[in-house]
Amino acid sequence: MRSKEHLPLIISIAAFLVVGLLVIKPNSEEVAPPYVSSSAAPDGVKGLFTLLDEGDIQVGAWTKPWAQLPDGGDQTLIVIEPRDIADEEFEQIEDWVALGNEVLVFVDEPNDWEMFSSTDGWGHGDAVQDVVGMSGLETIGLGEVSTDDRLEYREDLERILIDDNGILAGRMEIGEGGISLFLLPDWLRNDTILENDHFELLWPHLKREDGLVWFNDYHRGIKDKPGLLAAYPNWFLAVVLQLVIGALLWIWYKAVRFEPAYTPREWTVRRGDETLLAVGGWYERQKLTREAFEQQMTYVRSLIREQWGLRTDASDPQVLAAARRHWQQEDVERLADLLQRWQEAQKMSSYPATQFRTDSQKADFVIKKLQGE
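Notes on the structure in this doc start here.

Each value, and the rule that gives it
- Residues numbered from 1 in each chain as written.
- Predicted model: local features only at pLDDT ≥ 70, side-chain atom pairs only at ≥ 80, totals over all residues.
- Heavy atoms only, no water.
- Helix = DSSP H or I, 4+ residues; strand = E, 2+ residues; numbered from the N terminus.
- Axes fitted to C-alpha atoms, helices over the stretch in contact; angles between N-to-C directions.
- Parallel < 35°, antiparallel > 145°, perpendicular 65-115°, else oblique.
- Left-handed = near helix turned anticlockwise from the far one by under 90°.
- Contact = heavy atoms within 4.5 Å.
- Nonpolar A, V, L, I, M, F, W, Y, C, P; charged D, E, K, R; others polar.
- Phe/Tyr/Trp six-rings, centres within 6.5 Å; stacked < 30°, edge-to-face > 60°.
- Buried < 20%, exposed > 50% of the residue type's maximum accessible area, 1.4 Å probe, protein only.

Thoughts on unusual backbone geometry
Reasoning step 1: Non-glycine residue Tyr35 carries a positive phi angle of around 65°.
Reasoning step 2: With respect to the element layout, Tyr35 can be found in the loop between helix H1 (2-23) and helix H2 (46-54).

Below, the structure is given as structure tokens:
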């Protein structure tokens, strides 16, 4: 018997530990994905981010969908090996570029970017070779090219970087801006940007005299947390969740039972439905249907005053006008029918009980509707 009593407590402790192990991993550090602007790991790009920031360039990490990019021109978005880009996002980024902005895309394979086409097998992977920069005066530097792909030449493609095997980077103009694609994402990493002449070859295309520079961390898995919980670290939220679960299980264990609350019969006899039935029977026996009808009409008018602020002597058109602002058309029509029947009842010399019962059913709907607001 005692083991059964302690079973809920054992379940509570087990659930507490399981949630803790799933949500919090003690003594483990979160590993940032590659190419994240805040990562100082060898495969991060914090070095480039810091260099731009210290060079009086307005730079920041973009962690929201592309649809929310700020309007206006003179902005640059650096996109490095993005993941899971939806089709509609390509249209959104092209519209943003057309406003006078630039997008610098660094990818190994440009297949997702339909405006660029590539050829396979022209290069020699992981080879250090001469790379020529085509912007302004031609500059030549050494760079380690790890991809075999090259961009296909087109008349509307501005060549940026080339080697003996073809085009390594190019720019396509869109509206007032443009999209540049580099087949050299590895050159931006913390551990390679200063190797060979990677930095010297890329810097003319990265530096900006004015405007904003954004690093696209959103498609690297770094996203804003919406809502109030974004202000708290994960470990704190996990602890709170465990405490809540533990408290609920403890309450469940300590409680004798959870059952509906029953109203004592003595209360209902004195003030509840039995009283209403007794009053209704008295009106019926005394044939006071008109008095009952007037009491009912007064009560409905008082509810309308409480809910909608109308005077109790407001005309029927005024009542219906207020109802149209709060109710659907079907409910307004039912109220209009009730008011019409009341108008007819007031003109009748006698008010039969059968009609009173019918009108009371219609009035009940209106009363419940008003009480439910």
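After that view, the rundown keeps rolling.
Topic: the packing of helix H8 (residues 289-308) against helix H10 (residues 329-347)
Relative placement of two packed helices is described by the angle separating their axes and the distance separating the axes.
Reasoning step 1: Contact pair H8 / H10: the axes reach a minimum separation of 12 Å and the direction vectors enclose 140°. Considered as vectors, H8 and H10 are oriented oblique to each other. H8 and H10 meet at a crossing whose hand is left-handed. Between H8 and H10, the residues in contact are Arg290, Phe293, Gln296, Met297, Val300 and Trp308 and Leu335, Trp342, Ala345 and Gln346, respectively.
Reasoning step 2: Partitioned by chemical class, the residues of the contact of H8 with H10 number seven nonpolar, two polar and one charged.

Some words on the packing of aromatic side chains
Reasoning step 1: The full count for this structure, using the stated rule, is seven aromatic pairs.
Reasoning step 2: Seen in terms of ring centroids, Trp62 and Trp214 are 5.2 Å apart; in terms of plane orientation they differ by 70°. Their pairing is edge-to-face. Separated by 152 residues along the polypeptide, Trp62 in strand S1 (residues 58-62) and Trp214 in strand S11 (residues 212-216) bring together distant segments of the chain.
Reasoning step 3: Plain terms: the ring middles of Phe106 and Phe182 are 4.6 Å apart, the flat faces sit at 10° to each other, and that makes the pair stacked. Of the two residues, Phe106 is situated in strand S3 (residues 102-106) and Phe182 in strand S10 (residues 177-182); the sequence distance between them amounts to 76 residues.
Reasoning step 4: A residue is classified by how much of its surface remains accessible, and Phe106, at 0% relative accessible area, is buried.
Reasoning step 5: Taken together, the ring pairs connect Trp66, Phe90 and Trp113 into an aromatic cluster.

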